[in-house]
Amino acid sequence: MTAPTSSGFMKEHATFNHVWAALMLEEHYRLGVRDVVLAPGSRSSPLTMAASEHPGLHCHCHFDERGLGFMALGIARGNQRPVVIITTSGTAVANLYPAVVEAKLLGVPLIVLSADRPIELLDNGSNQAIDQRDIFSRHTIAYHDLPPPEAEIKAAFLLNTLDQAIDQQHRSPGPIHINCRYREPLYPGRCLVDASGYLAPLGNWLTASTPWSEWQASTAVPALNSEWEALAQQRGLIVVGRVEDRVEKRVEDLVNDSQLAQQIVELSKQLGWPLLADVQSQIHFDPQNLIHFDLALHDEGFSAELAKAEVLLQFGGRLISKRLSQFITQQSWQDVWLVDPLPQRLDPDYCVKRRLICSPADFIADLPAIPEQPTWHQLASLQRRTSQLIEEFCTALSELGVCHQLAQLARGQLFIGNSLPARLMNMLGTHRQITLRVFANRGASGIDGLIATGYGISCTRQEPTTILLGDTSALHDLNSLALLKQATQPLVVVILNNDGGSIFHMLPVPKEGDLLERYYRQPHGLSFEHAAQMFGLGYVAPASLDAFATAYSQALTVGVTLIEVNVPHQQVADDLTALGAALREEEGERRI
């Protein structure tokens, strides 16, 4: 409902609310936003209309705000640029809370534009009116409660407010919340509002393509020549946690640092240091990585050899392996460096001596050249027996077997759910020649919105995407199966159905009477076949590991497929217990 003019920005709009909404969406576009996710609602109509009419914005819709937030999270992570979320007022905003929490912990740039009632409609019984002021509390990087649009408030105020918030987001990545209060009318009337006089003070902005105000921050990496040379001469260990592509600010075509993984690998080779890379690192499956380190730490010989390391260099935080985290905590390191662009501590055991807030790519690029050093350890040969035992334990249709095989068969992008799937994928698999882009929501590590996040990630690349998750996680986000029919590339959802929370078999929860079953594992006895039918998805329930491989390979080439792997609830706990015992027994026999 806007009238085009000879200038770049429209000067006639449906209502004055729409003038502000159009200014906001245009400025976000100039600040790098290309994707907007929207849920239906009345109070948000000015924002919805402005987004739908903007030629440079791609709009995605979902009826469930909780899933909507996680879809935005997936798109932002996949595209490595900010995503705008538009919701109506009331509990619609509250339903974004889990996704906002995850975005804060992972440093994902979400921008929540929540519609709201004007202040006079709060606390007086008005419909769908809740107090939305700073509703996300400490989980946002920036928060602004905008007044209702008025001609007496300069348009430059609005633009500058957004520019400052996005600059804060760039300095400390995470979610922003802009609360947008609108008085009626919310919908177009018979006449358009001529805003040319109101907009005139913006001058060149109206025909330009740049933001109203430019905020600049230094990205210099501190010089570490002498410290680095001293560190590099010692026996060291490289650990890699969550690492994703670098984001460049405010560019039309974002430059992803696709060489980052190889830079870390080459640094490991140059130093002669062992590489222990998490499945979230993008180099977990590289031949340089000691891929089975998590299980190999059961082996006292492997652990003793690893303990000879004197210094630790870590890229990225939030390690999945509890055994590796415990090993790091127990060592008496001479020095520990942690490199990550997020200004967070990322040091749960307070081991880090030097915290470098910069991208791993910039850190490595600024290191002084040193001669290639010989490998100081024998860890690759010590890991070999662990790898052989894993192959022996992964030959049947089981959670271990499926995850081990999936690590070899997956193509394109893999999104891994929390609870058991993340742990199993971090333990298993083999080295790969074909690159696999791996994601997991390991900020809060919740089971919220996993299907929606995986779908959001699938929207960002012209290649297949696989979502691996457990049955309880799938039930938690069942509404988001409705999104999957919109997928334009092959999308495979693999659900490991062990009838409840089988991870509790491996935790020291009370097991007296029915405590474990009723209050922790909570078996449900449900199948996902009818859910797949309801949402129009292909469905397969393989009865063998070979059948799974066949079904999965076929699913990579067509549409959307839900593959349900039904396994006994106790099986994964028994398998991991037996595998750990076999590794410790093998070490005992070697000592004898």
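Owing to the predicted nature of the structure, the values given are computational and were not obtained by experimental measurement.

Q: Quick question: what am I supposed to make of the overall build of the protein here?
A: Helix and strand counts for the protein stand at 22 helices and 19 strands. Relative to the 2.2 N^0.38 estimate, which gives 25 Å for 592 residues, the radius of gyration of the protein is 26 Å and therefore close to what a compact globule would have. By its C-alpha atoms, the protein is 90 × 60 × 45 Å across when sized along the principal axes. When the 592 residues of the protein are sorted by exposure, 57% land in the buried category. For the protein, restricting intrachain contacts to residue pairs at least 6 apart in sequence, the fraction spanning at least 24 positions comes to 77%. As displayed, the protein offers around 23,900 Å² of accessible surface, 51% of which is attributable to carbon and sulfur atoms. Positive and negative charge centroids in the protein, built from 45 and 64 side chains respectively, lie 2 Å apart.

Q: Whenever I open this one, the side chain of His18 confuses me. Can you help?
A: Structurally, His18 can be placed in helix α1 (residues 16–30). Overall, the relative accessible area of 6% leaves His18 in the buried class. In contact with His18, not counting residues within four places along its chain, are His13, Ser45, Pro46, Met49 and Leu186.

Q: Looking at this structure, I do not really get the environment of Lys104. What am I missing?
A: Inspection of the secondary structure puts Lys104 in helix α5 (residues 97–106). A sequence separation of 69 residues divides Lys104 from Asp35, and the C-alpha atoms of the two residues are 19 Å apart. Sequence-distant contacts of Lys104, that is, excluding residues within four places in its chain, are made with Arg138, His139, Thr140, Ile141, Pro175 and Gln344. There is a polar contact of 2.9 Å between the side chain of Lys104 and the backbone oxygen of Arg138.

Q: What is the right way to read the sheet that holds strand β6 (residues 142–146) from this model?
A: Neighbouring strands of a sheet are bound in pairs by backbone hydrogen bonds; such pairs are parallel or else antiparallel. In space, the 6 strands of this open sheet follow the order β3-β2-β4-β5-β7-β6, with parallel pairing throughout. Strands at the two margins of the open sheet, each flanked by one partner only, are β3 (58–61) and β6. For this sheet, the mean inter-axis angle between neighbouring strands, taken without regard to orientation, is 20 degrees. Two elements, strand β2 (residues 35–38) and β3, share 4 bridges in a ladder whose sense is parallel. The partner of Val36 across the bridge, within β3, is Cys59. Set on the sheet, helix α3 (residues 65–79) makes contact with β2, β3, β4 (83–87) and β5 (110–116); between it and β4 the angle comes to about 170 degrees.

Q: Explain the packing of α1 against helix α2 (residues 45–53) here, please?
A: Between two packed helices, the angle of one axis relative to the other and the distance separating the axes together describe the packing. At a minimum axis distance of 8 Å, the contact between α1 and α2 shows a crossing angle of 50 degrees. Considering their axes alone, α1 and α2 lie oblique with respect to each other. Helix-helix and strand crossings are classified by hand; for α1 and α2 the assignment is right-handed. Mapping the contact onto sequence places Asn17, His18, Ala21, Ala22 and Leu25 in α1 and Ser45, Pro46, Leu47, Met49, Ala50 and Ala51 in α2. Taken together, the residues of the contact of α1 with α2 break down into 8 nonpolar, 3 polar and no charged.

Q: Got a minute to help me understand the confidence of the model for the protein in this structure?
A: Residues shown with low pLDDT carry predicted positions that ought not to be read at fine detail. This prediction gives the protein a mean pLDDT of 92; 94% of its residues lie at or above 70. For residues 1–7, every residue scores under 50 in pLDDT, and the model assigns this stretch 20 contacts once sequence neighbours within four places are set aside. Taken as a whole, residues 247–257 scores under 50 in pLDDT and shows 27 contacts with residues more than four places along the chain or in a different chain.

Q: Can you help me understand a nonpolar patch on the surface in this one?
A: Taken together, Leu515, Tyr519 and Tyr520 make up a surface patch of nonpolar side chains, about 270 Å² in accessible area. Along the chain, the position of Tyr519 falls in helix α19 (residues 515–521). The exposure class of Tyr519 is partly exposed, given its relative accessible area of 47%.

Q: Please explain the pairing of β2 as it appears in this structure.
A: Residues Asp35 and Val37 point to one face of β2 and Val36 and Leu38 to the other, with burial holding for every one of them. Handedness of the crossover joining β2 and β3 through α2 is recorded here as right-handed. Pairing geometry for β2 and β4, over 4 bridges, is parallel. Bridge assignment links Val36 to a residue of β4, and that residue is Val84.

Q: In this structure, what is going on with α2? I would like to understand it.
A: At 3.6 residues per turn, the α-helix brings residues three or four places apart onto the same side. Among all positions in α2, only Ser45, Pro46, Leu47, Met49, Ala50 and Ala51 are buried. In this structure, the buried residues of α2 make contact with α1, β2, β3, β4, β5 and β7 (176–181).

Q: What is the right way to look at the pattern of salt bridges in this model?
A: Opposite charge on two side chains makes pairing possible when the charged atoms of those side chains draw close. What the rule picks out here adds up to 17 salt bridges. Notably, a salt bridge pairs Arg81 with Asp35, separated by 3.7 Å at the nearest N-O pair. Here Arg81, found in the loop between α3 and β4, pairs with Asp35, found in strand β2; they are 46 residues apart in sequence, far enough to count as distant. When the shortest N-O distance is used, the salt bridge between Glu120 and Arg183 registers 2.8 Å. Of this pair, Glu120 sits in the loop between β5 and β6 while Arg183 sits in the loop between β7 and β8 (193–194), and the two are 63 residues apart along the sequence. Judged by relative accessible area, Glu120 falls into the partly exposed class, the value being 40%. One connected set of salt bridges, linked through shared partners, spans Asp116, Asp145 and Arg181.

Q: I tried to follow unusual backbone geometry on my own but got confused; where do I start?
A: Going from Glu184 to Pro185, the amide bond is cis rather than trans, its omega being 10 degrees. Along the chain, Pro185 turns up in the loop between β7 and β8. In this structure, Gln128 is a non-glycine residue whose phi angle is positive, near 55 degrees. When you line up the elements, Gln128 lands in the loop between β5 and β6. The residue Asp499 is not glycine, and still its phi comes out positive at about 60 degrees. Relative to the elements of secondary structure, Asp499 occurs in the loop between β17 (491–497) and α19.

About the cut-offs
Residues numbered from 1 in each chain as written. Predicted model: local features only at pLDDT ≥ 70, side-chain atom pairs only at ≥ 80, totals over all residues. Heavy atoms only, no water. Helix = DSSP H or I, 4+ residues; strand = E, 2+ residues; numbered from the N terminus. Rg over C-alpha atoms; globule rule 2.2 N^0.38 Å. Buried < 20%, exposed > 50% of the residue type's maximum accessible area, 1.4 Å probe, protein only. Contact = heavy atoms within 4.5 Å. Areas by Shrake-Rupley, 256 points an atom, 1.4 Å probe, with all protein chains shown as cover. Lys, Arg positive; Asp, Glu negative; His and termini not counted. Charge placed at Lys NZ, Arg CZ, Asp CG, Glu CD. Polar contact = N/O pair within 3.5 Å; in protein donor to acceptor, adjacent residues only side chain to side chain. Pairing = 2+ DSSP bridges. Axes fitted to C-alpha atoms, helices over the stretch in contact; angles between N-to-C directions. Parallel < 35°, antiparallel > 145°, perpendicular 65-115°, else oblique. Left-handed = near helix turned anticlockwise from the far one by under 90°. Nonpolar A, V, L, I, M, F, W, Y, C, P; charged D, E, K, R; others polar. pLDDT = per-residue confidence, 0-100. Patch = residues over 30% accessible without salt bridge, like charges linked within 9 Å, V, L, I, M, F, W, Y side chains within 5 Å. Salt bridge = Lys/Arg side-chain N within 4 Å of Asp/Glu carboxyl O. Right-handed = clockwise from strand over helix to strand, strands pointing away.

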